[in-house]
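Understanding the architecture of this molecule
So the chains spell out like this:
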Amino acid sequence: MPKVLVIGGAGYIGSHVVKALLQSQYSVRVYDDLSSGHEINLFANAEFIKGDILDYPSLNEAMKGIDAVVFLAAKKAVGESMINPEKYAVNNIVGSVNVLNAMAENEVKAIVFSSSAAVYGIPQYVPMDEKHPLNPLNFYGFTKVETERLMQWYDALKGIKYTSLRYFNAAGYDADGDVKGKDKEPQNLLPILMEVVTGKRDFLQIFGNDYDTRDGTCLRDYIHVTDLATAHVLSIKRLLEGKESLIVNLGTGTGTSVKEIVIAAEKVFEKNIPVKYAERRSGDPAVLLASNETARKELGWEPKYTNIEDIIRTFAKIY
Ligand code: WQD
């Protein structure tokens, strides 16, 4: 079977991708510096090399004998990217250049890249398809746009085919409990809410209840991490069949509001979840919703988790 290098394979999404690749009989090598990933997320039947994408010689060594790359390693805190863009420029842009150069040097011709809905900025229409204009509102989103552009050039000049997966709001955990690493410093709604459920926090802050939505709180497209992982496997398979480069949104196409998330979690965990209303968080669009037609048509992908309660239930595996 082809050998896949999963860069960032000890992280939240990466470890789910590794599991899915192993289940599909791929041979897997993980490259991760464990800065935010977890050692307990490593699978015994995947090779592991501890290394940083900024260490070119080490990355180049890890690329030997590889047929395809899944590239997830990056910094991902949106707020921090606005305060410390230098860090994001180096890790997410220079890091991407290193990955592509190591691929070119070793003649590896296929890459699946972790992009984000953050490339779009404020929606001009919803659901958003891949043709929606790119106007990132934060530096994090800008680094994702830049890597997509780098990949376009390396495709044209070096024949490296890519699939850029623009994730909407990733959520949930492996239903078998095989991924064990919790978010170290949660920034996103669901891991924060789980800390309220487990008593680590006293209440959930809801940022804004005066949006133009059905209940005044923001709507997001929550997509289960195992469904994201499946899309990576399908993308690898498709690229190894010799298909062209592709950009794909990954979402369910359904919006859930912050209030609806709280109600669903109260039902799943049979607990009252205390909330406090706070000011709007800057840069939050009222609605983010994916059109997933390209994923369905080009990858033959379909989300298995379409019910928010089922997604939330999978957090119980590790919290
Ligand atoms: C979801 C909703 C908040 C926390 C971000 C990035 C995106 C991607 C995923 C990448 C919003 C509300 C949140 C809280 C709240 N990043 N909220 N109280 O902002 O949609 O997406 O994370 O790797 O690029 O932009 O996700 O989970 O932060 O927020 O009310 O304590 O929950 O206002 O409406 P977001 P999120």
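Residues numbered from 1 in each chain as written. Predicted model: local features only at pLDDT ≥ 70, side-chain atom pairs only at ≥ 80, totals over all residues. Heavy atoms only, no water.

**Re the site of the ligand**
Neighbouring residues of the ligand: 19 residues in total, closest Leu189, Gln205, Arg220, Arg281 and Asp284. Contact between the ligand and Arg220: an oxygen atom at 2.6 Å from a side-chain N or O atom of the residue. A distance of 2.5 Å separates an oxygen atom of the ligand from a polar atom in the side chain of Asp284. If the ligand stood free it would expose 690 Å²; the protein chains cover 87% of that surface. Of all elements in the fold, only α6 (189–197) and β8 (204–207) reach the threshold of two or more residues within the shell around the ligand. Here the shell around the ligand takes 3 residues from β8, the largest share from any one element. Classifying every residue of the shell around the ligand by side-chain character gives 10 nonpolar, 5 polar and 4 charged. (Near = heavy atom within 4 Å. Polar contact = N/O pair within 3.5 Å; in protein donor to acceptor, adjacent residues only side chain to side chain. Areas by Shrake-Rupley, 256 points an atom, 1.4 Å probe, with all protein chains shown as cover. Helix = DSSP H or I, 4+ residues; strand = E, 2+ residues; numbered from the N terminus. Nonpolar A, V, L, I, M, F, W, Y, C, P; charged D, E, K, R; others polar.)

**A closer look at the layout of surface pockets**
Considered as a void within the structure, the second largest pocket measures approximately 240 Å³ in volume. Lining of the second largest pocket is provided by Asp129, Glu130, Lys131, Leu246, Ile247, Ser291, Glu293, Thr294, Lys297 and Glu298. Residue contributions to the lining of the second largest pocket peak at 4 residues, all from helix α9 (residues 293–299). Residue-level mapping places the lining of the second largest pocket at the junction of two domains, with at least three residues from each of domain 1 (3–171 + 222–250) and domain 2 (189–220 + 253–315). (1 Å grid on protein atoms, 1.4 Å probe; cavity = no way out; pocket = protein on both sides within 12 Å on 5 of 7 lines; lining within 4 Å. Points joined across faces, edges and corners; volume = space filled by probe spheres on them. Domains from an automatic or database assignment.)

**Here we look at the nonpolar core**
In this structure, Leu21, Val70, Leu193, Leu250 and Ile312 are the most contacted members of the largest nonpolar core, which totals 63 residues. Mapping this core onto the domain boundaries places at least three of its residues in each of domain 1 (3–171 + 222–250) and domain 2 (189–220 + 253–315). In this structure, Leu193 is in contact with Leu204, Ile261, Val262, Ala265 and Ile273, ignoring residues within four places of it in sequence. In terms of nonpolar packing, the next biggest core, distinct from the first, is built from 21 residues, Ala62, Ile66, Ile160 and Tyr162 among them. (Core = buried A, V, L, I, M, F, W, Y, C linked by side-chain atoms within 4.5 Å. Buried < 20%, exposed > 50% of the residue type's maximum accessible area, 1.4 Å probe, protein only. Contact = heavy atoms within 4.5 Å.)

**Regarding the pairing of strand β2 (residues 27–32)**
With 5 of 6 residues buried, β2 lies mostly within the body of the structure. In this sheet, β2 lies alongside strand β1 (residues 3–7) in parallel orientation, the contact comprising 5 bridges. Paired with Ile7 across the strands is Tyr31, a residue of β2. You can see the chain leave β1, run along helix α1 (residues 12–23) and come back into β2, and the turn it takes is right-handed. As defined by bridge partners, β2 adjoins strand β3 (residues 47–50) across 4 bridges and the pair is classed as parallel. Following the sheet pairing, Val30 is matched in β3 by Phe48. (Pairing = 2+ DSSP bridges. Right-handed = clockwise from strand over helix to strand, strands pointing away.)

**A few points about unusual backbone geometry**
Here the bond from Val126 into Pro127 is cis, since omega is -10°, no more than 30 degrees from zero. You will see that Gln25, though not glycine, has its phi angle at about 70°, which is positive. Summarising the element assignment, Gln25 is placed in the loop between α1 and β2.

**Quick word on the pattern of salt bridges**
Counting across every chain of the model gives 21 salt bridges. Each of the salt bridges in this network shares a partner with another, and the network as a whole consists of Lys19, Asp174, Asp176 and Asp178. (Salt bridge = Lys/Arg side-chain N within 4 Å of Asp/Glu carboxyl O.)

**Notes on a nonpolar patch on the surface**
A cluster of nonpolar side chains, Leu54, Val90 and Val94, forms an exposed patch at the surface whose accessible area comes to about 200 Å². By secondary structure assignment, the location of Val94 is in helix α4 (residues 85–105). (Patch = residues over 30% accessible without salt bridge, like charges linked within 9 Å, V, L, I, M, F, W, Y side chains within 5 Å.)

**Points about the sheet that holds strand β4 (residues 68–71)**
The sheet built from 7 strands is open, its strands ordered β3-β2-β1-β4-β5-β6-β11 with parallel pairing. The sheet is open, and its two edges are formed by β3 and β11 (246–250), each paired on a single side. Neighbour-to-neighbour, the strand axes of the sheet open up by a mean angle of 20°, direction not taken into account. Of the pairings in the sheet, the one linking strand β5 (residues 110–116) to strand β6 (residues 161–167) comprises 7 bridges and is parallel in character. Bridge pairing links Ala110 to Lys161 in β6. Lying on the sheet, helix α7 (residues 225–240) is in contact with β1, β4, β5, β6 and β11; it crosses β6 at an angle near 165°. (Axes fitted to C-alpha atoms, helices over the stretch in contact; angles between N-to-C directions.)

**Concerning the domain arrangement of the protein chain**
Frequently, the measure chosen for interface size is the accessible area removed from exposure when the parts meet. Looking at the protein chain, the domain boundaries give domain 1 (3–171 + 222–250) and domain 2 (189–220 + 253–315). The C-alpha-based centres of domain 1 and domain 2 are spaced at 24 Å. Domain 1 puts 27 residues into the contact, and the matching count from domain 2 is 28 residues. Summing both sides of the interface, domain 1 and domain 2 together bury roughly 2,200 Å²; the carbon and sulfur share of this comes to 71%. Of all residues in domain 1, the largest losses of buried area upon contact with domain 2 belong to Tyr222, His224 and Asp227, amounting jointly to 33% of the total for that side. (Buried area = accessible area lost by both parts, 1.4 Å probe.)

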